[in-house]
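# Working through the structure, step by step
Residue-level listing of the chains:
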Amino acid sequence: MMIFKNNSFSSFSFSVFFEPTDMLIANKPFEINNGDLSKVIKFISPNIYELGAIAQHFGASGISFDEISRLQERKDILEITSEMCQVILPHVDTIILTLGRHGVIIATKNSLGKVFFQLEGNIPKYSVGRGKCSGRFYQAEKIDNLMSVSGAGDSFASGFIAAMLAGKSEPICVSVGFEAAKLTLQTHNTVPENFFASNHQCWRCPIPSEEIF
């Protein structure tokens, strides 16, 4: 769980980036103290099973984990995950849904052209505008020399967060996240020994997206 300090909250001092890690406990933060913690959870980064568990907690019906496990076609995956994201979005600001070899979905209340954090000097300040909910799919690059998938999701999240805190737009955040995940996929280590500098092209080249809702 990643915590960002935010002085604009009167009752809570932090904005939270929640990485569920396991579908069996994915909904726990939304149950603690009658859901009080959910007031500060602004970002979640589940996989598809964790997304399903959280969606069920918020009242989604007809979700079968067996059905999810049988999904193969991108069209079917985007359809069911779009529905689940829209159930969850009233309760968080942004969902960063990792879909393995397919890519990621960013479902958010933020607009595509708006940054997640404004820089005030060198201090990032949370600035998501709570507008119309939207979802975009970003297709992952095919990795030919794949060595291990272990740690790829965490590396994506770390790259995404680093770009967010640098005041970058959503497509650049995804670009940096993809590059971090790519390096992890090309090593047997959970985390690569070296990542990349801030002058790497991923910090300048936005990833195109497909709007899904």
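See above for the structure.
These remarks concern the structure in this document. (Residues numbered from 1 in each chain as written. Predicted model: local features only at pLDDT ≥ 70, side-chain atom pairs only at ≥ 80, totals over all residues. Heavy atoms only, no water.)

### Describing the pairing of strand β2 (residues 14-18)
Here is the rule we go by: Three labels apply to residues, based on accessible area from a 1.4 Å probe with only protein chains included: buried if under 20% of the type maximum, exposed if over 50%, partly exposed otherwise in between. Going along the chain from the N terminus, every DSSP run of H or I of four or more residues is numbered as a helix, and every run of E of two or more is numbered as a strand. Two strands make a pair as long as DSSP finds a minimum of two bridges between them.
The buried count for β2 comes to 4 of 5 residues, which makes it a mostly enclosed element. Bridge analysis of β2 against strand β3 (residues 41-44) gives 3 bridges, and the strand direction is parallel. By the bridge assignment for β3, V16 is matched with I41.

### Comments concerning the environment of V40
In this fold, V40 is placed in the loop between β2 and β3. Exposure remark for V40: the relative accessible area of 4% places this residue in the buried category.

### As for the layout of surface pockets
As a reminder, the rule being used: Cavity and pocket criteria rest on a 1 Å grid covering protein atoms alone: a 1.4 Å probe that fits but cannot get out defines a cavity, protein on both sides within 12 Å along at least 5 of 7 lines defines an open pocket, and an atom within 4 Å of a point defines a lining residue. Grid points are joined across faces, edges and corners, and a volume is the space filled by probe spheres set on the points. Residues are grouped as follows: nonpolar covers Ala, Val, Leu, Ile, Met, Phe, Trp, Tyr, Cys and Pro; charged covers Asp, Glu, Lys and Arg; every other residue, Gly included, is treated as polar.
Taken as a whole, the largest pocket spans an internal volume of roughly 740 Å³. Along the walls of the largest pocket sit 30 residues, with G100, A140, F178, A181 and L185 positioned nearest its centre. The biggest single contributor to the lining of the largest pocket is helix α5 (residues 170-185), with 6 residues. Class assignment for the residues of the lining of the largest pocket results in 16 nonpolar, 9 polar and 5 charged. Estimated volume of the second largest pocket: approximately 210 Å³. What lines the second largest pocket is I48, Y49, I68, S69, L71, Q72, I77, T98, L99, G100, R101 and H102. Where the lining of the second largest pocket is concerned, the elements lending two or more residues are α1 (48-57) and α2 (65-70).

### Considerations on the side chain of T81
The condition is simple: Residues are treated as being in contact if the distance between any of their heavy atoms lies within 4.5 Å.
With respect to the helices and strands, T81 occurs in helix α3 (residues 74-88). With sequence-adjacent residues up to four places away left out, T81 is seen in contact with I48, L51, L97, L99 and I105.

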